[in-house]
Amino acid sequence: MTVGIISWILSVAILHQIGSPKPVAAVCQLSFVDGQKLFNFSLTSPLTKFPHGVISEDGFYKVAVNESVLWFQLCNGMVFNHDQPRCVGCLDCGGPSRCGMKCSALVANNIEGYDVCTTIGHFSSTVTGIIDEQNPQKGVIVKMSNNVKTSSGSENCSLSVSVICNSNGAQGPHSLKKLGVCDYSAVLQHPSGCAVVVSVHGKGWGWFGTLLIIILCLFGGYMLVGAVYRYFFLGIRGLDIIPNLDFWARLPQRIQSYCAALVRKFRGPTEGYRSSYSPVNF
């Protein structure tokens, strides 16, 4: 039973050492481990000049390229006190009277003289990831999506916003790109895209020391319970109360024999050592 418990502990320790895939992400918060460094991103944490983090104080971000206009908000829904979108097809983002107020990303394309809106992201669908795992300090990418109903069925639309680390201030958004039928990307430079880096050097005993302590505690418990049982229930006295005394008494000799056998196996017979099969001259 003791061997089974020890095997289980070793398995847990190995799994702990292997770890789980990184990175580990939440909406607008992300922790990423790279070697002995932990990169913590929090897009909504207040900063000196940005009390709401990356969330726009205007209620939305806006970028226009050619005949396309994109409105979006990061880590929240959009709010319009001015410059509200006026376009056709805004039913799933607030309707004509509150267009843009019920989603996180809305794009308008001019089609035959009409601005036609498509909702391409909701806050509930937001996921955050690292832009470049080889260079985590570059920033994060925030992606949101929406399933849009079309005449032929449905289309999955999305917006990916790269929040580039810029400790000097916010710039953008800019460089709106259309990646697919209704997939878009934009770039925003912002201090919230900079990570707080924490060293994760091992301190104290670590997992191996903890495992060693657990094994010693189990061994001590085994010896104590066995000794109590043999003393009170079997009436044994003296050193014989130690469980498996013969095994423990012979253990040092067995270890010595095994070590000597290993030495002879890898180094060959030592000087003065004569094999039992060596010829003897009389």
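Fair warning: this is a prediction, and the values are worked out from it, not measured in the lab.

Asker: Before we move on, could you go through the state of the cysteines and cite the residues and values that matter?
Answerer: By definition, a disulfide links two cysteine residues through a covalent bond between their sulfur atoms. For the coordinates displayed, the defined rule picks out 6 disulfides. For Cys28, the disulfide goes to Cys75, at an S-S distance of 1.9 Å. When the S-S torsion is -110°, as for the bridge of Cys28 with Cys75, the disulfide is left-handed. Placement of Cys28 in the loop between β1 (24-26) and β2 (29-34) and of Cys75 in the loop between β5 (68-72) and β6 (105-111) is noted, with a sequence separation of 47 residues between them. Here the two residues Cys28 and Cys75 agree in accessibility, since each one is buried. Linked covalently through their sulfurs, Cys87 and Cys117 form a disulfide whose S-S length is 1.4 Å. Its S-S torsion of approximately -85° makes the covalent link between Cys87 and Cys117 left-handed. Of this pair, Cys87 sits in the loop between β5 and β6 while Cys117 sits in strand β7 (residues 114-121); the two residues are 30 residues apart in sequence, bridging distant segments of the chain.

Asker: Could you give an account of the nonpolar core, naming the residues involved and the relevant values?
Answerer: Core analysis: the largest hydrophobic core is formed by 30 residues, its most contacted members being Val54, Leu70, Phe72, Leu74, Ile120 and Leu159. Where this core is concerned, the elements lending two or more residues are β2, β3 (37-42), β4 (61-65), β5, β6, β9 (139-150), β10 (153-165) and β12 (183-190). Aside from chain neighbours lying at most four places away, what touches Phe72 is Phe60, Tyr61, Met78, Ser104, Ala105, Leu159, Val161 and Pro173. Residues Phe60, Cys99, Cys103 and Cys117 belong to the second largest nonpolar core, which totals 12 residues.

Asker: Talk me through the sheet that holds β10; I want residue IDs and the actual numbers.
Answerer: Strand order in the open sheet made by the 5 strands is β8-β9-β10-β12-β11, with mixed pairing throughout. Looking at strand neighbours, the two that pair on one side only are β8 (127-130) and β11 (171-178), the edges of this open sheet. With direction set aside, neighbouring strand axes in the sheet form an average angle of 25°. In the sheet, β11 pairs with β12 via 4 bridges, with the strands oriented antiparallel. For His174, the partnering residue across the bridge sits in β12 and is Val187.

Asker: Requested: an account of the pattern of salt bridges, with residues and values cited.
Answerer: A complete count under the given rule lists 1 salt bridge for this structure. Between Asp83 and Lys62 there is a salt bridge whose closest N-O contact spans 2.9 Å. You can see Asp83 sitting in the loop between β5 and β6 and its partner Lys62 sitting in strand β4, a full 21 residues away along the chain. Residue Asp83 is classed as partly exposed on the basis of its relative accessible area of 40%.

Asker: Give a description of a nonpolar patch on the surface that names residues and reports values.
Answerer: Together, Leu224, Val228, Tyr229, Tyr231, Phe232, Phe233 and Leu234 make up an exposed nonpolar region whose accessible area comes to about 780 Å². Residue position: Phe232 is located in helix α2 (residues 206-232). Among the residues examined, Phe232 registers a relative accessible area of 62% and is labelled exposed.

Asker: Explain the sheet that holds β7 to me, and be specific about the residues and the numbers.
Answerer: As summarised here, the arrangement of the 4 strands in space is β4-β5-β6-β7, forming an open sheet in which the pairing is antiparallel. Edge positions in the sheet fall to β4 and β7, since each has one partner strand and no second. Strand-to-strand, the axes of this sheet are offset by a mean angle of 20°, without reference to chain direction. Two elements, β4 and β5, share 5 bridges in a ladder whose sense is antiparallel. In the sheet register, Ala64 faces β5, and the bridge partner there is Val69.

Cut-offs and rules
- Within each chain, residues carry numbers counting from 1 in the order of the written sequence.
- Only residues with pLDDT of at least 70 are given local features in this predicted model, and only at 80 or more are side-chain atom pairs given and counted; all residues enter the totals for whole chains, interfaces and linings.
- The side-chain figures draw on all heavy atoms in the structure; neither hydrogens nor water molecules are used.
- Disulfides are defined as cysteine sulfur pairs within 2.5 Å.
- Secondary structure is summarised from DSSP: a helix means a run of H or I of at least four residues, a strand means a run of E of at least two, and numbering begins at the N terminus for each.
- For the exposure calls, accessible area comes from a 1.4 Å probe over protein chains only, and a residue counts as buried if that area is under 20% of its type's maximum, exposed if over 50%, partly exposed in between.
- Residues belong to one nonpolar core when they are buried, are Ala, Val, Leu, Ile, Met, Phe, Trp, Tyr or Cys, and are joined through side-chain atoms within 4.5 Å.
- Residue contacts are defined here by distance: any two heavy atoms, one from each residue, within 4.5 Å place the two residues in contact.
- Whether two strands pair comes down to DSSP finding at least two bridges between them.
- Comment: axis = line fitted to C-alpha atoms, over the contacting stretch for helices; angle = value between 0 and 180 degrees taken between N-to-C directions.
- Salt-bridge detection follows one rule: a side-chain nitrogen of Lys or Arg within 4 Å of a carboxyl oxygen of Asp or Glu.
- Patch building starts from residues that exceed 30% relative accessible area and form no salt bridge, then joins like charges within 9 Å and nonpolar side chains (Val, Leu, Ile, Met, Phe, Trp, Tyr) within 5 Å.
- Values of accessible area rely on a 1.4 Å probe in the Shrake-Rupley scheme; residue burial ignores everything except the protein chains shown.

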